[in-house]
Amino acid sequence: ADLSTNTSPVVAQILDRKIIADEIGLKYDANKVPIIPNNSDTSSVVNDPIDRLCDLVMKEAWSDYLEKNKLKATDLEIQEYKNYMDQFMAKQTIKWQKQLDELDIHLKDTALTQKERDRDEKQRSTLLRIINREKQEDKTGKLTSEELRSVYGPFIESWKFDKSIYEKYGGTVGMTKFGPVP
């Protein structure tokens, strides 16, 4: 945010970056004193200012750590990850097509109950949407290097960040539904 022309008060600073109330949707009074919402004020708010502030602080700290430790995703890493994803999606599309073929055969069974038929038709519809979306993405052409960086970079940098934190401090870096990372 441009602080030179904005009258919104600064509510936080992380490294050299100042965060102003307007940037996070935080209200303030006539004296430019921020009005900190209580839990009941933000329970139904889609963009909770406190959550937005936490997100900005974490993003700045994360970016700074990546930069200082030379952990930004390289063009080679992005290309390798893209190649991996292309191969994975090609294999996955073959599996989806096989499932679709099996469903088509199964749906010809006259002994299916209406509930089974509805379930299979729904699954068939979902598979068709997925396969068609993949075909559309193939037709749209190649992504620019900047688009590739924006799509694949965060995955690579997140892994490098977690690995670096683990190597530096040890222990569990984070918990996911798949278990501790790393």
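Here, the structure is the one placed above.
On a predicted model such as this, the values are computed, not experimentally measured, just so you know.

Visitor: Hey, could you run me through the packing of helix H4 (residues 75–107) against helix H6 (residues 145–169) in this one?
Guide: Helix-helix packing: each pair is described by the crossing angle between the helix axes and the interaxial distance. Direction vectors running N to C along H4 and H6 enclose 100 degrees, while the axes themselves pass 9 Å from each other. Between H4 and H6, the interaxial angle falls into the category roughly perpendicular. Two secondary-structure elements touch here, H4 through Asp 75, Glu 77, Ile 78, Gln 79, Tyr 81, Lys 82 and Met 85 and H6 through Leu 148, Arg 149, Tyr 152, Phe 155, Ile 156 and Lys 160. In the contact of H4 with H6, the residues fall into 7 nonpolar, 1 polar and 5 charged.

Visitor: Could you clarify how one ought to interpret the packing of helix H3 (residues 49–68) against H6 in this entry?
Guide: In the contact formed by H3 and H6, the axes pass within 11 Å of each other and the chain directions differ by 75 degrees. Taken together, H3 and H6 sit at an angle that is classed as roughly perpendicular. Across the interface between the two elements, Trp 62, Tyr 65 and Leu 66 of H3 pack against Pro 154, Glu 157, Ser 158, Phe 161, Ser 164, Ile 165 and Lys 168 of H6. Its residues assigned to classes, the contact of H3 with H6 comprises 6 nonpolar, 2 polar and 2 charged.

Reading the values: rules and limits
Residues numbered from 1 in each chain as written. Predicted model: local features only at pLDDT ≥ 70, side-chain atom pairs only at ≥ 80, totals over all residues. Heavy atoms only, no water. Axes fitted to C-alpha atoms, helices over the stretch in contact; angles between N-to-C directions. Helix = DSSP H or I, 4+ residues; strand = E, 2+ residues; numbered from the N terminus. Parallel < 35°, antiparallel > 145°, perpendicular 65-115°, else oblique. Contact = heavy atoms within 4.5 Å. Nonpolar A, V, L, I, M, F, W, Y, C, P; charged D, E, K, R; others polar.

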